[in-house]
Amino acid sequence: SDNFKEANLSSSFGSLAVYFNNAKIKDDKAVINLDASFSGVELYIPKEWKVINNLDNSLAGVEEKNNRNSETNKTVTINGRVSFAGVEIIYI
């Protein structure tokens, strides 16, 4: 996407891997809405993006892997619910 603004992701009793490496945030802000239960979720995020984690998790874990660039004006906010699941935010 050359104008990424929002993604709606859902996973139940499975696994989900989403790559945002070719997405471009045009207006410096984007949103990822995530609903995951009994799942493993991998989000591959460009190192140039700052991630704001607004996930409501119940018996779940959210982990960030790899270093990201500290100075950026591109922000993605992750909203949603995660229960009995694991979410990995992997910077690429």
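Structural data are supplied above this passage.
Owing to the predicted nature of the structure, the values given are computational and were not obtained by experimental measurement.

Counting secondary structure elements, the protein chain contains 0 helices and 8 strands. In the protein chain, the order of α-helices and β-strands from amino to carboxyl end is β-β-β-β-β-β-β-β. Its C-alpha atoms give the protein chain a radius of gyration of 12 Å, within 12% of the compact-globule value 12 Å for 92 residues. Across its three principal axes, the protein chain shows a C-alpha extent of roughly 35 × 25 × 20 Å. For the protein chain, buried positions account for 35% of its 92 residues.

What follows concerns the sheet that holds strand S5 (residues 49–58). Pairing is parallel across the open sheet formed by 4 strands, whose spatial order is S1-S3-S7-S5. At either end of the open sheet lies a strand with only one pairing partner, and these are strand S1 (6–12) and S5. Averaged over all pairs of adjacent strands, the angle between strand axes in this sheet comes to 15 degrees, irrespective of strand direction. Across 9 bridges, the pairing between strand S3 (residues 29–37) and strand S7 (residues 74–83) is parallel. Within S7, the position partnered with Asp 35 by the bridge is Arg 81.

Quick look at the nonpolar core now. Counting 24 residues, the largest nonpolar core has Phe 4, Phe 20, Leu 43 and Ile 45 as its most contacted members. Sorting the residues of this core by element identifies S1, S3, strand S4 (40–45), S5, S7 and strand S8 (86–91) as the ones contributing at least two each. It is S3 that contributes the most residues to this core, 4 residues altogether. Those residues in contact with Ile 45 that sit more than four places away from it in its chain are Phe 20, Ile 32, Val 51, Ile 89, Ile 90, Tyr 91 and Ile 92.

The next thing to look at is the environment of Tyr 44. Turning to its location among the elements, Tyr 44 is positioned in strand S4. Using a relative accessible area of 13% as the deciding quantity, one classes Tyr 44 as buried. Sequence separation between Tyr 44 and Ile 90 is 46 residues; the distance between their C-alpha atoms is 4.8 Å. Apart from the residues within four sequence positions on either side, Tyr 44 is in contact with Ala 17, Val 18, Tyr 19, Phe 20, Asn 21, Ile 90 and Ile 92.

What counts, and where the lines are drawn
Residues numbered from 1 in each chain as written. Predicted model: local features only at pLDDT ≥ 70, side-chain atom pairs only at ≥ 80, totals over all residues. Heavy atoms only, no water. Helix = DSSP H or I, 4+ residues; strand = E, 2+ residues; numbered from the N terminus. Rg over C-alpha atoms; globule rule 2.2 N^0.38 Å. Buried < 20%, exposed > 50% of the residue type's maximum accessible area, 1.4 Å probe, protein only. Pairing = 2+ DSSP bridges. Axes fitted to C-alpha atoms, helices over the stretch in contact; angles between N-to-C directions. Core = buried A, V, L, I, M, F, W, Y, C linked by side-chain atoms within 4.5 Å. Contact = heavy atoms within 4.5 Å.

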